[in-house]
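# Commentary on secondary and tertiary structure
In case you want the letters, here they are:
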Amino acid sequence: MHLILFRHGPAGDQDPARWPSDVDRPLTPKGVERTRLAARGLARLVPEVEFILTSPYVRAKETAAILSDVMNGTSVETLDALASGASPRGMLSAIERFHSGNTVVLVGHEPDLGMLAGALIGSARALPLKKAGACSVLFGGTPRAGSGHLQWHVPPRLLRKLAGKEVRAT
């Protein structure tokens, strides 16, 4: 299995008057633009994705919708296990139903995705992701803690630069 961990794009600042719940905080207009460019860069690195799984938070769902649009309508499924504050164990448990040959994008939050990335490759340290940044972890079979191999860890600036270039990961 090939897992891509993608942090949601830039969102508005917390403002209880506008968004009483942090769950409802959306991407900013600039965040939408930057996320779309990062998604295009990701599509250059990973041209075929079978599933996009997302946190139920608005900013993550918007990010997943942008990824789906850029990746030719890849289906998006909301998973509560990807909500902010989720544990790596819970996230792993939620994706067990996917086959080892699938490429799956997980859209979520920090520090959760960074902790998951670290756990997947057997590190005691997190691999933090910037907003609209991503990392790629490859498995020989079902994802398990410590059994993944980090292929790349890319900041959003580089993904945006890749959006305009013909690049393929090997």
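The structure presented is a predicted model; accordingly, all values stated were derived computationally and were not measured.

What counts, and at which threshold
- By convention here, each chain's residues receive numbers from 1 onward along its written sequence.
- pLDDT decides what is reported in this predicted model: residues at 70 or higher carry local features, side-chain atom pairs at 80 or more are listed and counted, and totals for whole chains, interfaces and linings draw on all residues regardless.
- The basis for every side-chain value is the complete set of non-hydrogen atoms in the structure, without hydrogens or water.
- What goes into a patch is any residue over 30% in relative accessible area without a salt bridge, connected to like charges within 9 Å or, for nonpolar side chains (Val, Leu, Ile, Met, Phe, Trp, Tyr), within 5 Å.
- Here, Shrake-Rupley sampling with a 1.4 Å probe gives the accessible areas, and only protein chains in the shown set may cover a residue.
- Basic side-chain nitrogens of Lys or Arg form a salt bridge, by our definition, when they fall within 4 Å of a carboxyl oxygen of Asp or Glu.
- This count recognises Lys and Arg as positive and Asp and Glu as negative, with His and chain-terminal groups excluded.
- The atom standing in for a charge is NZ when the residue is Lys, CZ when it is Arg, CG when it is Asp and CD when it is Glu.
- Segments assigned H or I by DSSP are reported as helices when at least four residues long, segments assigned E as strands when at least two residues long, and all are numbered from the N terminus.
- We call a set of buried Ala, Val, Leu, Ile, Met, Phe, Trp, Tyr and Cys residues a nonpolar core when their side-chain atoms join them within 4.5 Å.
- Throughout this description, buried means an accessible area under 20% of the type-specific maximum (1.4 Å probe, protein chains only), exposed means over 50%, and partly exposed covers the range between.
- Two strands pair if DSSP finds at least two bridges between them.
- The handedness of a crossover follows from its direction of travel: if, with the strands pointing away from the viewer, the path from the first strand over the helix to the second runs clockwise, the crossover is right-handed.
- Values of pLDDT, ranging from 0 to 100, describe the predictor's confidence in every residue of the model.
- Residues are treated as being in contact if the distance between any of their heavy atoms lies within 4.5 Å.

This next bit is on a positive patch on the surface. A contiguous patch of positive charge, built from Lys-30, Arg-34, Lys-130, Arg-157 and Lys-161, is present on the exposed surface. Elements with a contribution of two residues or more to the positive patch: helix 1 (29–45) and helix 5 (156–162). The residue Lys-130 is located in the loop between helix 4 (112–120) and strand 5 (134–138) in this model.

Turning next to the nonpolar core. Core analysis: the largest hydrophobic core is formed by 25 residues, its most contacted members being Phe-6, Leu-42, Leu-67, Val-105, Trp-152 and Leu-159. At the level of secondary structure, the elements contributing two or more residues to this core comprise strand 1 (2–7), helix 1, helix 2 (58–70), strand 4 (103–108), strand 6 (149–154) and helix 5.

Turning our eyes to something else, we now look at the pairing of strand 2 (residues 51–54). One ladder, built from four bridges, connects strand 2 with strand 4; its direction is parallel. Pairing of Thr-54 across the sheet is with Val-107, part of strand 4. With three bridges joining them, strand 2 and strand 3 (residues 76–78) adopt parallel strand pairing. By the bridge assignment, Ile-52 is partnered in strand 3 with Val-76. In the classification by handedness, the crossover that spans strand 2, the intervening helix 2 and the parallel strand 3 is right-handed.

It is worth spelling out the confidence of the model for the protein at this point. Close reading of the predicted structure is inappropriate where its pLDDT is low. In this model, the protein carries an average pLDDT of 92, and 96% of its residues clear a pLDDT of 70 or more. A low-confidence stretch, residues 166–170 stays under pLDDT 50, and its non-local contacts, those more than four residues away or across chains, total ten contacts.

By the secondary structure assignment, Ser-84 is in the loop between strand 3 and helix 3 (88–95). For the pair Ser-84 and Asp-24, spaced 60 residues apart in sequence, the C-alpha to C-alpha distance is 12 Å. Among residues more than four places away in sequence, those in contact with Ser-84 are Ser-55, Tyr-57, His-109 and Asp-112.

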